[in-house]
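Next come the chains, spelled out residue by residue.
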Amino acid sequence: MAKVEPLPVDLLFRRCDPEQLDFESTDELDALEEIIGQERALEALAFGIEMRSPGYNLFALGPSGVGKHRLVREYLGRASQDQGAADDWCYVHNFEQPAHPKALRLPPGRAVHFREDMARLVADMGDAINAARQSDEVRARQQAIDEDFQRRQDEAFEQVQQHAREHDIALIRTPAGVVMAPLQDEDVIAPAQFHELPEAEREQFEAHLQELHQELEATLVNMPLWERERRQGTRLLNQQVAEHAIERLVRAARARYTDVPDALGYLDAVCEDVVQNGGEYLGAPAEDPDELRPDQLLDASLQRSSIEPQAVVRYGVNVLIDHDAEQSAPIVHEQYPTLENLVGRIDHQARLGALTTDFTLIRPGALHRANGGYLILDVRKVLMQPLAWEQLKRALQAGEIRIESASQILSVISTVSLEPEPIPLELKVVLIGERALYYLLSAHDPDFDELFKVAVDFEDRMDRSAKSQPLYARLIATLAREEALLPLGREAVARVIEHGARMVDDSEKLTTHREHVTDVLREAHHHAQKMGAARIEAAHVDAALAGQLRRHGRLRDLVIEEIERGTFLVDTSGTRIGQINGLSVVPVGPHGFGRPSRITASVRLGKGEVLDIEREVELGGPLHSKGVLILAGFLASRFARDFPLSLRASLVFEQSYGGVDGDSASMAEACALLSALADAPISQELAITGAIDQLGQAQPIGGVNEKIEGFFDVCERRGLTGKQGVIIPDANVKHLMLDKRVVDAARQNAFHIYSVKTVDEAVTLLTGIAAGHRDRRGKFAEGTLYERVEARLAELAERGRKYHS
């Protein structure tokens, strides 16, 4: 087995050479119009927009800060230019079913003009009808109707009165009605005198009074019929007058909307209603409409009588959506997607102690505003609002917007309210959220995959190459200009590119997290301004990065301090049997840090068990337990070929008081266990991280940079000896983007990074004893570490056999 040498310094940090950037300042660079690193997302966006079939709505998924909102809005902005403006929508009174206002579709920009035209038409119709009513002809016809009614009434009463006089009975009209009284010598007889009359004469009077009562009742029965005929005559006259008066006005209004079927239908309905009601909802003449602003026309036409609220409800136009100033399809980003903000609402007014409403109080929601275009929603915000998610799905499934309140949906209050006619829905919904929410909805909501068929998956990293670095430099220049920051020198740009690789822990990749990059630029700009610099240099970028680490470094410094003080036990010198320095990452907000931990192993006679103490006390996660079980499999396959494992081994993270998860310590645990079995001391000057498989192959892990730097910080505090270092899997070499302090120490041979492909190489480095391999006879060479391990296992197996026998 070849000796493992420290990694060359060039592999510890992939530098961006400023000389390869052909500019001195970002002022020389053109703005980046294209979107780099998101080719997959752009293809999905284009596909989702082009697909017009139902259900092809989009879900933009990816970590926050990669520019999902920005990219989606920019792309939709370009796509909307090719679609043209969406239609306008209005609500008007439904003359047949007042509780169900009708929705009108009008071409873009026509809704407001239609409202103004209707305001003028209402005013003109009122003036025309009132003028016609004042004409001599109409007055004469109305007078004839009234006189005919009065004549019939007078003739009937005169006939009854004539019969009364013939029988010496007077008919007297009083406010309470008609009263009959007997006469004597044409004078009304007082009640006392009437009782003094002879009985025969009184009976005769009473008989005549009875007859006259019957005749009068017969006459009075006919009077309501005559009154009804009079009203019908008046109504017919008003209808004829209204029809004649508004015919020309309605014909002129129809001529302006021959291309709008909904408007023509509503004009016909208004005309029919005005004629049917004889213009009774239209008041007295108003001011000249031509002298009023358009927004005053309807108010002016309806403030002419005490019945103006009825005219508003009857003939007004509620412009729900107007696209007058737009030349492209609408793009709406609803920041607060409550139920009402999505589907609209119906407001109420307090009148005479009661809440009332009508179609003029219908308010649009985001679905109305985005209809015919695109609606952008943050899925987390939608899911947090009661009923919003269900109503959004219902609208997309039904293809219509139905305005319903929460109380109507839940049937909490049983009251009569408006039910506006649903509006057809034609739009693309773009949900934006994290990957976890996408997969949770896909797994648990049966409607989700049918409604959001296009996944726009954003990358959080992109390739780093000689071709991509200049593009990334242009991205940096573009971000600086958008934020009105100082220009960057090329050394500063190179430093930001290097940090972009560090943010994804990969020397061959760059982050696409625009917000993180922008934060670095903002903070570097702050330091440059503070120092009075004309542009941002590499020193300012370093100051910004150092400031970020400083602000988030309290817990890291505390851990290192306690290790230095001996509170947390970590050795960085000497050797120990069954003891090794493992490495882990402690996540603290956006900036985690590496922490070395002591891992120990002990071996005794048993039944072939490798005991994970963390799992036994429920501090170990499933991945850590899996790593320990893989370790047990490696041990059995490598050494227990001819005899059973008869050991009981225990592994533990010392001074671990929280949860432990992940398999990145399995190689360290294997080396500690091999050390305990072979009775071979492990150098405490080295730390190790990495996972293994059952064949002993080293597997890559995450957070390799933080882990190395964590152990380096401890060694630096105690003093570098030139023998200290960290062992990592060979597959993690490409991920190295180490801090400058670590790279400088490695360049001076004060600290070393080793990469291994197998646990054999790792244990050899740690113990200084060759691991060994089996010869043709299947035996390990004498004096090798594995020969000692196998001998110890064979001894335990023999002792176990004797014990059981």
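Below or above, wherever it landed, is the structure these notes cover.

Definitions and limits used
- Residues numbered from 1 in each chain as written.
- Predicted model: local features only at pLDDT ≥ 70, side-chain atom pairs only at ≥ 80, totals over all residues.
- Heavy atoms only, no water.
- Helix = DSSP H or I, 4+ residues; strand = E, 2+ residues; numbered from the N terminus.
- Expected span 1.5 Å × (residues − 1).
- Buried < 20%, exposed > 50% of the residue type's maximum accessible area, 1.4 Å probe, protein only.
- Contact = heavy atoms within 4.5 Å.
- Core = buried A, V, L, I, M, F, W, Y, C linked by side-chain atoms within 4.5 Å.
- Pairing = 2+ DSSP bridges.
- Axes fitted to C-alpha atoms, helices over the stretch in contact; angles between N-to-C directions.
- Phe/Tyr/Trp six-rings, centres within 6.5 Å; stacked < 30°, edge-to-face > 60°.
- Lys NZ or Arg CZ within 6 Å of the ring centre and 35° of its normal.

A closer look at helix 1 (residues 39–50)
Taking 1.5 Å per residue as the helical rise, helix 1 with its 12 residues ought to reach 16 Å, and the 17 Å between its terminal C-alpha atoms agrees with that figure. Buried residues of helix 1: Ala41, Ala44, Leu45, Ala46, Gly48 and Ile49, and no others. On its buried face, helix 1 sits against strand 1 (58–61), helix 2 (68–80), strand 13 (374–378), strand 16 (428–433) and strand 17 (454–457).

Quick notes on the nonpolar core
Ile580, Leu647, Ile688 and Tyr786 are the most contacted members of the largest nonpolar core, which totals 48 residues. Those elements that provide at least two residues to this core are strand 22 (593–605), helix 23 (622–639), strand 24 (647–653), helix 24 (666–678), strand 26 (686–688), strand 30 (752–756), helix 27 (759–767) and helix 28 (785–804). The greatest single-element share of this core, amounting to 10 residues, is contributed by helix 24. With sequence-adjacent residues up to four places away left out, Tyr786 is seen in contact with Phe634, Arg638, Phe639, Leu674, Val759, Asp760, Val763, Ala771, Gly772 and Phe780. Listed in part, the 36 residues of the second largest apolar core include Val112, Val138, Leu264 and Val319.

Some points on unusual backbone geometry
Even without a glycine there, the phi angle at Leu387 is positive, about 70°. Along the chain, Leu387 falls in the loop between helix 12 (379–384) and helix 13 (388–398). Positive phi outside glycine occurs at Asp505, with the angle close to 50°. One can find Asp505 in the loop between helix 18 (490–503) and strand 19 (509–511). Given a relative accessible area of 18%, Asp505 falls into the buried group.

What to know about the environment of Gln391
In this structure, Gln391 sits in helix 13. Those residues within four positions of Gln391 in sequence are excluded, and the remaining contacts are Leu339, Val343, Arg402, Glu404 and Ile409.

A closer look at the sheet that holds strand 3 (residues 102–106)
Pairing between sheet strands relies on hydrogen bonds along the backbone, with the strands arranged either parallel or antiparallel. Pairing is antiparallel across the open sheet formed by 3 strands, whose spatial order is 3-2-7. Unpaired on one side and paired on the other, strand 3 and strand 7 (318–321) mark the two borders of the sheet. Along the sheet, successive strands turn relative to each other by an average axial angle of 30°, direction set aside. Here strand 2 (residues 88–92) pairs with strand 7 via 3 bridges, running antiparallel. Counterpart to Trp89 in the pairing with strand 7 is Ile321. Along the sheet, helix 3 (residues 111–133) makes contact with strand 2, strand 3 and strand 7, crossing strand 7 at roughly 180°.

As for the environment of Gln335
Looking at the secondary structure, you find Gln335 in the loop between strand 8 (331–334) and helix 10 (339–343). The class for Gln335 is partly exposed, based on a relative accessible area of 48%. For Gln335 and Leu377, which are 42 residues apart along the polypeptide, the C-alpha to C-alpha distance reads 7.2 Å.

Quick notes on the pairing of strand 13
Of all 5 residues that make up strand 13, 5 are buried, and the element is covered over most of its length. Covered by surrounding structure in strand 13 are Tyr374, Ile376 and Asp378 together with Leu375 and Leu377, the residues of both alternating faces. Here strand 8 runs beside strand 13; their pairing, made up of 4 bridges, is parallel. Within strand 13, the residue paired with Val332 across the bridge is Leu375. As paired elements, strand 13 and strand 16 share 5 bridges and run parallel to each other. Residue pairing for strand 16: Leu375 is matched across the bridge by Val429.

So, the packing of aromatic side chains
Inspection of every chain in the model, using the stated rule, returns 15 aromatic pairs. Taken together, a centroid distance of 6.2 Å and an interplanar angle of 15° make the contact between Phe95 and Tyr266 stacked. Remark: Tyr266 occurs in helix 7 (residues 261–276) and Phe95 occurs in the loop between strand 2 and strand 3; sequence separation between them is 171 residues. The ring of Phe568 has Arg595 lying over it, and the distance from NZ or CZ to the ring centre is 4.6 Å.

Don't take any of this as a statement about function, it's just geometry.
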